[in-house]
2 protein chains.
Amino acid sequence: MQIFHTIAQLQAALNQHRHQKVALVPTMGNLHEGHLQLVKIAKQHADVVVVSIFVNPTQFAAGEDFDSYPRTLQADCQQLSTVNADMVFAPSVDEMYPIYPPNVQVLSGEITQILCGKSRPMHFDGVGLVVSKLFNIVRPDVAVFGKKDYQQLAIIHKLNNELNFGIKIIGGEIVRADDGLALSSRNQYLSASERAIAPVLSQSLQALAERIIDADLAAYPSLIDETKARLTQAGFVVDYVEIYNHHLQQPTHTDEQLVILAAAWLGKARLLDNLEVLRQ
Amino acid sequence: MQIFHTIAQLQAALNQHRHQKVALVPTMGNLHEGHLQLVKIAKQHADVVVVSIFVNPTQFAAGEDFDSYPRTLQADCQQLSTVNADMVFAPSVDEMYPIYPPNVQVLSGEITQILCGKSRPMHFDGVGLVVSKLFNIVRPDVAVFGKKDYQQLAIIHKLNNELNFGIKIIGGEIVRADDGLALSSRNQYLSASERAIAPVLSQSLQALAERIIDADLAAYPSLIDETKARLTQAGFVVDYVEIYNHHLQQPTHTDEQLVILAAAWLGKARLLDNLEVLRQ
């Protein structure tokens, strides 16, 4: 497994593989089993798998956890070698942004303003920018993103389509702990007592899913309110619980593929989770 | 010379040439000798030259000349075959924008707000979007743009750098009529009497250039005002005359490479011109 810190070195290595299929797995590092699953998916679709590890400053607002976000490159590389990643791209902020703040913006429209975009208004603009840069740097045939960041995945589909990147975008299923908590680097911000409460998030979404399968659309708001109340009672500060169709639009009676999405703070950790639901 | 109207057809053809150097010359068609010079430059830097012909709606504001902009594909292709262009990409608006208006935006920052950006506020956002799409569709090694659109060229350099397209961007010199008028598709909007006046634009910039070479920065504003007065007297409605350094920033005493830029209406035609000046 080769590790690169500069764009030029990575591209020189990639140029030896231009006749092969290349996959990109963009990450912010501090890898867990969820990331490793994305690498395994990438290996199934490509000859060369590049994993980028970059804590991207443009997707953090002032006061968010950019400085404290865990950086564990050595352990990450050890994990990545166990799943046969081929190349790791771990650039510095200066390497990615010689001009900072950047002049150029890549905005993805209204889909960035809902859900997480409400409480993190610039977040997905930063994601759109760094993903566009990574796509251009690596020029992958395939890119794999986790479904835990469901809204991010939807935005990347849109970017890929509307900017004609021509990349096959694959969403990897959420990987969960035995008690149902979606794996996330931010779970380590939880105290032991918070960690014990955390699975209530996925349990609440599961319970909501079971109730909406044959419920009328008109009942969704009160079902959502019940879910929020349950989370609040358990100790969460709820950011949102929403039910959308799988394009992240308000569901209509004809939509069969729905998704329940939630974000909630538990102590210092802002936890995300979602659940795809097939409506009857 | 092959002519393609769909992205899929163009890319299928380009995929046969991925071991060769590819150049892109983006145009809005209605080609003149200025465009043909860009193709000739492209031929010197690449094995395969793709010329795109697309009147891009997102760079026209309501009330501008999108509908009336001359579309002359057949004549354009005849001209392009004389300079050995290899591929012409002439997509429909639907092919380029299946979703219209697009959700995704590519913004290039403050440089889009000066000069032409003042009177055409969204113009360069449309340019940034369509050029990003064309870069991704064609994936050229080299792209050639005319220096008549000096600000556009500066913006494309910025986009290319900050989004890591990794393309060699080349600016082609302005091609002028014998009387000095910069060639432009929009010159055909001029009546015969306006066409006789039009060379005053380039003559005025030339005269201004001779006066700033050894003038103090403090004298620039009054020299610019004299130039504007001369143009107004000749019958132009001046949009701007500005002196910047070659990065399109306000010049300082240490800047040696300056550029004079002007935009002025003559009848229905908005004429652009500029002149690079080496200061002593």
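The name given to chain A in an unreviewed UniProt entry is Pantothenate synthetase, with Moraxella cuniculi DSM 21768 as the source organism. Taken from UniProt, the Sequence similarities (unreviewed entry) comment for chain A reads in full: "Belongs to the pantothenate synthetase family."

What follows covers the UniProt feature "binding site: beta-alanine" (unreviewed entry) in chain A. All names here are of chain A. Per the UniProt annotation, the sites labelled "binding site: beta-alanine" (unreviewed entry) are Gln 59. Of note, Gln 59 is situated in the loop between β3 (48-53) and α3 (73-82). Residue class for Gln 59 comes out buried when judged on its relative accessible area of 9%. Setting aside anything within four residues of it in sequence, one finds Gln 59 in contact with Met 28, Glu 64, Arg 120, His 123, Gly 126, Val 127 and Val 130.

Turning our attention to the relation of the copies chain A and chain B. With an axial shift of 0.0 Å and an RMSD of 0.0 Å, the rotation relating chain A to chain B amounts to 180 degrees. Those values place the two copies in the arrangement expected of a two-fold rotation axis. When each C-alpha of chain A is compared by its distance to the rotation axis, Val106(A) comes out closest, at 2.4 Å. Most of the interface of chain A is mirrored in chain B, where 100% of its interface residues are also at the interface.

Our focus in this paragraph is the packing of aromatic side chains. Residues and elements named next belong to chain B. On inspection of all chains with the given rule, the structure shows 12 aromatic pairs over all chains. Ring centres of Phe 60 and Tyr 69 lie 6.1 Å apart, and the angle between their planes is 75 degrees; this geometry places the pair in the edge-to-face category. Between Phe 135 and Phe 165, the ring centres sit 5.2 Å apart and the planes meet at 75 degrees, which makes this aromatic pair edge-to-face. One end of the pair, Phe 135, is in helix α6 (residues 123-138); the other, Phe 165, is in the loop between α7 (150-162) and β7 (168-172), with 30 residues separating them in the sequence.

Residue and element names in this part refer to chain B. Taken in spatial order, the three strands of this open sheet run β8-β9-β10, and their pairing is antiparallel. With one partner strand each, in any of the chains shown, β8 (237-245) and β10 (269-278) form the two edges of the open sheet. Direction aside, the axes of adjacent strands within the sheet are offset by 10 degrees on average. Pairing of β8 with strand β9 (residues 257-266), which is carried by eight bridges, proceeds in the antiparallel orientation. By the bridge assignment, Val 237 is partnered in β9 with Trp 265. In the packing of helix α10 (residues 220-234) onto the sheet, contacts are made with β8 and β9, and the angle to β8 comes to roughly 150 degrees.

Residue and element names in this part refer to chain B. In this fold, Glu 194 is placed in helix α8 (residues 192-197). Despite its burial, Glu 194 remains without a salt bridge, the nearest opposite charge being carried by Lys 268 at 7.5 Å. A polar side-chain atom of Glu 194 sits 2.8 Å from the main-chain amide nitrogen of Ser 191. Excluding anything up to four places from it in sequence, Glu 194 contacts Tyr 189, Leu 266 and Gly 267.

It is worth spelling out the domain arrangement of chain A at this point. Frequently, the measure chosen for interface size is the accessible area removed from exposure when the parts meet. Residue and element names in this part refer to chain A. Here the domain parsing of chain A yields domain 1 (2-172) and domain 2 (185-278). Put simply, the middle of domain 1 and the middle of domain 2, counted by C-alpha atoms, are 26 Å apart. At the junction of the two partners, domain 1 supplies 21 residues and domain 2 supplies 17 residues. Here domain 1 meets domain 2 over a buried area of about 1700 Å², counting both sides, of which 51% is carbon and sulfur. Interface area lost by domain 1 to domain 2 is led by Leu 115, Lys 148 and Tyr 150, which between them contribute 38%. For the interface between domain 1 and domain 2, the tally reads two salt bridges. Among the ionic pairs, Lys 147 bridges to Glu 276, the shortest N-O distance being 3.0 Å. Among the elements of the structure, α5 (116-119) and α7 (150-162) are those that each provide at least two residues to the side of domain 1 that touches domain 2. Among the elements that take part in the side of domain 1 that touches domain 2, α7 stands out by supplying three residues, more than any other.

Right, let's talk about unusual backbone geometry for a bit. Residue Pro101(A) is reached from Tyr100(A) by a cis peptide bond, and omega for that bond is -5 degrees. In this fold, Pro101(A) is placed in the loop between α4 (93-96) and β5 (105-107). Positive phi is not limited to glycine here, since Leu248(A) has a value of about 65 degrees. Secondary-structure assignment places Leu248(A) in the loop between β8 (237-245) and β9 (257-266). Owing to a relative accessible area of 6%, Leu248(A) belongs among the buried residues under this scheme. Positioned with a positive phi, Asn30(B) is a non-glycine residue whose angle comes to about 50 degrees. Looking at where Asn30(B) falls in the secondary structure, it is placed in the loop between β2 (22-27) and α2 (33-45).

The subject of this paragraph is the interface of chain A and chain B. Listed as interface residues are 22 residues of chain A and, on the opposing side, 22 residues of chain B. At the boundary of chain A with chain B, total buried surface from both sides reaches about 2200 Å², with 48% on carbon and sulfur atoms. Where chain A packs against chain B, one counts zero salt bridges. Here chain A is connected to chain B by 16 residue pairs in polar contact (both at pLDDT 80 or more). Elements represented by at least two residues in the side of chain A that touches chain B include exactly β5, α6 (123-138) and α7 of chain A. Top element by residues in the side of chain A that touches chain B is α6(A). It accounts for five residues. For the side of chain A that touches chain B, the class distribution of residues is 11 nonpolar, seven polar and four charged. Relative to strand β5 (residues 105-107) of chain B, β5(A) is paired through three bridges, and the arrangement is antiparallel. Of the residues in β5(B), the one forming a bridge with Leu107(A) is Gln105(B).

The rules we used
- Residues numbered from 1 in each chain as written.
- Chains lettered and ligands numbered in written order.
- Predicted model: local features only at pLDDT ≥ 70, side-chain atom pairs only at ≥ 80, totals over all residues.
- Heavy atoms only, no water.
- UniProt positions renumbered as here; feature names shortened; annotations may be inferred.
- Helix = DSSP H or I, 4+ residues; strand = E, 2+ residues; numbered from the N terminus.
- Buried < 20%, exposed > 50% of the residue type's maximum accessible area, 1.4 Å probe, protein only.
- Contact = heavy atoms within 4.5 Å.
- Least-squares fit on C-alpha atoms with pLDDT ≥ 70 in both.
- Phe/Tyr/Trp six-rings, centres within 6.5 Å; stacked < 30°, edge-to-face > 60°.
- Pairing = 2+ DSSP bridges.
- Axes fitted to C-alpha atoms, helices over the stretch in contact; angles between N-to-C directions.
- Lys, Arg positive; Asp, Glu negative; His and termini not counted.
- Salt bridge = Lys/Arg side-chain N within 4 Å of Asp/Glu carboxyl O.
- Polar contact = N/O pair within 3.5 Å; in protein donor to acceptor, adjacent residues only side chain to side chain.
- Domains from an automatic or database assignment.
- Buried area = accessible area lost by both parts, 1.4 Å probe.
- Nonpolar A, V, L, I, M, F, W, Y, C, P; charged D, E, K, R; others polar.

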